[in-house]
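Coordinate analysis (summary)
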Amino acid sequence: MATKLLMTQPNMLARTAFKLSPVARSSLSTLSRQSGRHAHPLRQTCLSKPSLQKSFRRAYADAQLPPPKPKRRFRFFRWLYRLTLLSAAGGLGVVGYSIYLLRHPEEQVTPDPSKKTLVVLGTGWGSVSFLKRLDTENYNVVVISPRNFFLFTPLLPSCTTGLIEHRSIMEPIRNILRQKKARVNYYEASATKIDYEKKVVHISDESQIKGDTSTTEVPYDMLVVGVGAENATFGIPGVRENSCFLKEVGDAQEIRKRIMDCVETAIFKDQTEEEIKRLLHMVVVGGGPTGVEFAGELQDFFNDDLRKWVPEIKDNFKVTLVEALPNVLPMFSKQLIDYTESTFKEEAITIRTKTMVKNVSDKFIEAEVTNPDGTKEIEKIPYGLLVWATGNAVRGVVRDLMNQIPAQKNSRRGLAVNEYLVVNGTENIWALGDCAITNYAPTAQVASQEGAFLARLFNTMAKTDELEAELKHLSRAQAEAKSPEERNNILEQIRATQKSLRRTKQIGPFQYSHQGSLAYIGKERAVADVSWLSGNIASGGTLTYLFWRSVYLSMCFSTRNRVLVAFDWVKAKMFGRDVSRE
């Protein structure tokens, strides 16, 4: 009967066995192996039957095996992928919120007429950095500038070749002023004269709608001069009439038109070989960062786009950089100067150092060249496009103010200021940026830090005035106190206010912190001399070029500018630069 039961219900026994725990199943297997050697003949006979073996195999196949352990391979990449998605989502959220704040400014309060009038001249690096950090509730702020936008000048050379559109690096000044707590008045006009004795600024409205020039006066209690500087020609004849400068948006647009005008004229019918070479010779005067970057951008424009769409010019297009000093980029280390010169040699950009321009005509420049043996000779260099990218000169309004102040009689390059940026010989005029003479180079980095320092100084002065007024009020209150207890309470308030006043006045003089120098040299390469801890890091190449782009993108004034510049870079990479004339 046991044999019959075993033969008729094998699946039941199999299922029962597979429902056991792993330890029990292991023991059962061991017993089965042992019983295979010493089993009863009847059992051996039953298990050896084909039908019973088939039932056991079917039961084993139907059994529930434990799930396999998950593989741990590529776990790092899965987490990296998730972190990247999370970071991208967070970045988009931050960008979206900043755009929302820019598009939906809060209501501004009306300035208090009893407070001092602060007039700011200019909308450059220094003035905008000052306005960005200034607490406008402490003053009646008036901004005067003929340019109603802030221009991110480090990327201006890229606009000359169409890599970046000019509006991508422009931030309307009203976008900046509208974000302040208290309303700021802005007048689009040129400051023609500063009357130091009467404390007024004469401004001129040169609007094209009016047709004529109208002038008016703006009184001030405190004045911040940040009008910058104009292009220096060093008295060389013909520079202003025949060359293009690179300081404003209009200059970049003019250069862009001139490049394509030279190209289209060069391939015009019946041009002589000499005239073609002249028209396609692009000369850049000035070996500083602006001149070097423009030369690199121009050669990139030719290599990447011009010679593809206008192949007729590929044998005659030439870029020459002229510098009066022994080398280019004098503010960089010798290692980076050599790297820049070797890169220019690879790009076929000619560097003419120790070459001083003496005269400029409409078709060539006359330059004094110093030979290796020390001798000098005059050489004529023909050109189709001449870009003048060297030196700053004092603006007329600044020169007129210098003539009014006796302490400024020895100044030649701008307004001499003290360690707090106060114009020497005055008490209520401050100057910053290229129009001020300090111990530092006239760069955007210096002007930006001067503006931030001056904003802290003005906020501190406003807080000081507020605390001093409060001390006067408490002194009167103490004199009128009727009880000793009230007098003691007021005395405690006076001591606390005096302590706050001493702490507020502890602001040191301006100190410039050099963050480094960057320059694009073409061929997707850049050089960087960056301050790090107690020393400098000098590097050059493609990785430095990526660093250069990331730094300039982060330095753009607003999220709007960063998005537009990034889109321009992507667009140029995909479709190339535009070779149309306009």
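What counts, and at which threshold
Residues numbered from 1 in each chain as written. Predicted model: local features only at pLDDT ≥ 70, side-chain atom pairs only at ≥ 80, totals over all residues. Heavy atoms only, no water. Helix = DSSP H or I, 4+ residues; strand = E, 2+ residues; numbered from the N terminus. Buried < 20%, exposed > 50% of the residue type's maximum accessible area, 1.4 Å probe, protein only. Contact = heavy atoms within 4.5 Å. Areas by Shrake-Rupley, 256 points an atom, 1.4 Å probe, with all protein chains shown as cover. 1 Å grid on protein atoms, 1.4 Å probe; cavity = no way out; pocket = protein on both sides within 12 Å on 5 of 7 lines; lining within 4 Å. Points joined across faces, edges and corners; volume = space filled by probe spheres on them. Nonpolar A, V, L, I, M, F, W, Y, C, P; charged D, E, K, R; others polar. Arc of directions from axis to C-beta. Pairing = 2+ DSSP bridges. Axes fitted to C-alpha atoms, helices over the stretch in contact; angles between N-to-C directions. UniProt positions renumbered as here; feature names shortened; annotations may be inferred. Left-handed = near helix turned anticlockwise from the far one by under 90°. Patch = residues over 30% accessible without salt bridge, like charges linked within 9 Å, V, L, I, M, F, W, Y side chains within 5 Å. Salt bridge = Lys/Arg side-chain N within 4 Å of Asp/Glu carboxyl O. Polar contact = N/O pair within 3.5 Å; in protein donor to acceptor, adjacent residues only side chain to side chain. pLDDT = per-residue confidence, 0-100. Right-handed = clockwise from strand over helix to strand, strands pointing away. Core = buried A, V, L, I, M, F, W, Y, C linked by side-chain atoms within 4.5 Å. Domains from an automatic or database assignment.

The helix and strand tally for the protein chain stands at 19 helices and 25 strands. In the protein chain, which comprises 582 residues, the proportion classed as buried is 41%. In the protein chain, once contacts between residues fewer than 6 apart in sequence are set aside, the share between residues at least 24 apart is 65%. Working note: accessible area of the protein chain is about 33,200 Å², and carbon and sulfur atoms make up 55% of it.

Before going further, it helps to spend a moment on empty space enclosed by the protein. For the structure shown, the criterion picks out 1 cavity of 30 Å³ or more. Each pocket or cavity is described by its volume, and for the largest cavity that value is around 40 Å³. Together, Pro154, Leu155, Pro157, Ser158, Glu293, Glu297, Tyr520 and Trp548 line the largest cavity. Grouping the constituent residues of the lining of the largest cavity by class yields 5 nonpolar, 1 polar and 2 charged.

Here we come to helix α15 (residues 396–404). Every buried residue of α15 is accounted for by Val397, Val398, Leu401 and Met402. For α15, the angular spread of the buried residues around the axis is 140°, confining them to a single face.

Let's shift gears to the sheet that holds strand β14 (residues 349–352). Within the open sheet, the 5 strands sit side by side as β11-β18-β12-β13-β14. Their pairing is parallel. Whereas interior strands pair on both sides, the edge strands pair on one side only; in this sheet they are β11 (244–245) and β14. In terms of strand pairing, β11 meets strand β18 (residues 385–388) through 2 bridges, oriented parallel. Residue pairing in the sheet places Cys244 in a bridge with Val387 of β18. Across the face of the sheet, helix α11 (residues 249–266) comes into contact with β11, β12 (281–285) and β18 while running at roughly 160° to β18.

Before going further, it helps to spend a moment on the sheet that holds strand β15 (residues 355–360). Across a sheet, paired strands are connected by hydrogen bonds in the backbone, their directions being either parallel or antiparallel. An order of β15-β16-β17 is seen for the 3 strands of this open sheet, with the pairing classed as antiparallel. Pairing within the sheet leaves two strands with one partner each, and these edge strands are β15 and β17 (376–382). Each strand of the sheet is rotated relative to its neighbour by a mean of 30°, with strand direction disregarded. Pairing analysis gives 7 bridges linking strand β16 (residues 364–370) to β17, with the strands arranged antiparallel. Paired with Glu366 across the bridge in β17 is Lys380.

UniProt annotation of "transmembrane region" (unreviewed entry) refers to residues 79–102 when read in the numbering used here. Measuring from the first to the last C-alpha atom of residues 79–102 gives 34 Å, for a span that is 100% helix and 0% strand.

Contact geometry for helix α18 (residues 542–555) and helix α19 (residues 559–575): axes closest at 9 Å, N-to-C directions at 145°. With respect to the hand of their crossing, α18 and α19 are arranged in right-handed fashion. Residues Arg549, Leu553 and Ser554 of α18 form the contact with α19, whose own contacting residues are Arg562, Val565, Ala566 and Trp569. Each residue belonging to the contact of α18 with α19 can be placed in one class, and the counts come to 4 nonpolar, 1 polar and 2 charged.

A contiguous nonpolar patch, built from Phe76, Phe77, Leu80, Leu83 and Leu86 and spanning about 570 Å² of accessible area, is present on the exposed surface. Note that Leu86 resides in helix α6 (residues 75–103).

Examined against the element boundaries, Arg577 turns out to sit in the segment after α19. The class of Arg577 is buried, set by a relative accessible area of 10%. Of the polar contacts made by the side chain of Arg577, one reaches the side chain of Asp305; its length is 3.0 Å. Not counting residues within four places of it along the chain, the set of residues in contact with Arg577 comprises Thr161, Gly162, Leu163, Glu297, Asp300, Phe301, Asp304, Asp305 and Ala572.

The next point concerns unusual backbone geometry. Backbone geometry at Lys354 places phi at a positive 55°, although glycine is not the residue there. Looking at where Lys354 falls in the secondary structure, it is placed in the loop between β14 and β15. Here Lys354 falls in the partly exposed class, since its relative accessible area comes to 39%. The backbone of Glu524 sits at a positive phi, close to 55°, despite the residue not being glycine. Here Glu524 shows up in the loop between β23 (516–522) and β24 (525–532).

With 86% of its residues at a pLDDT of 70 or more, the protein chain has an overall mean of 86. In this model residues 1–21 is a low-confidence stretch, pLDDT under 50, and it forms 20 contacts with partners more than four residues away in sequence or in other chains.

Before going further, it helps to spend a moment on the pattern of salt bridges. If you walk through the whole model with that rule in mind, you get 15 salt bridges. Residues Arg577 and Asp305 are paired through a salt bridge, measuring 3.0 Å at the closest nitrogen-oxygen approach. Of this pair, Arg577 sits in the segment after α19 while Asp305 sits in helix α13 (residues 289–309), and the two are 272 residues apart along the sequence. For Asp305, a relative accessible area of 5% gives the class buried. Where salt bridges share partners, they join Asp304, Asp305 and Arg577 into one cluster.

Burial runs high along strand β13 (residues 318–322): 4 of the 5 residues are buried. Across 5 bridges, the pairing between β12 and β13 is parallel. Along β13, the bridge assignment pairs His281 with Lys318. For the handedness criterion, the β-α-β arrangement of β12, α13 and β13 is classed as right-handed. In the sheet, β13 pairs with β14 via 4 bridges, with the strands oriented parallel. Among the inter-strand pairings, Thr320 is bridged to a residue of β14, identified as Thr350.

Right, let's get into the nonpolar core. Ranked by internal contacts, the top residues of the largest apolar core, which has 122 residues, are Leu118, Leu121, Phe130, Leu155, Val225 and Phe458. Domain assignment of the residues forming this core places at least three in each of domain 2 (117–227 + 396–434 + 440–460) and domain 3 (244–393 + 514–575). In this structure Val225 touches Leu121, Ile194, Leu415, Ile429, Trp430, Ala431, Leu432 and Cys435, once residues within four positions along its chain are discounted. Ranked by size, the runner-up nonpolar core spans 14 residues in total, among them Phe245, Val285, Ile381 and Tyr383.

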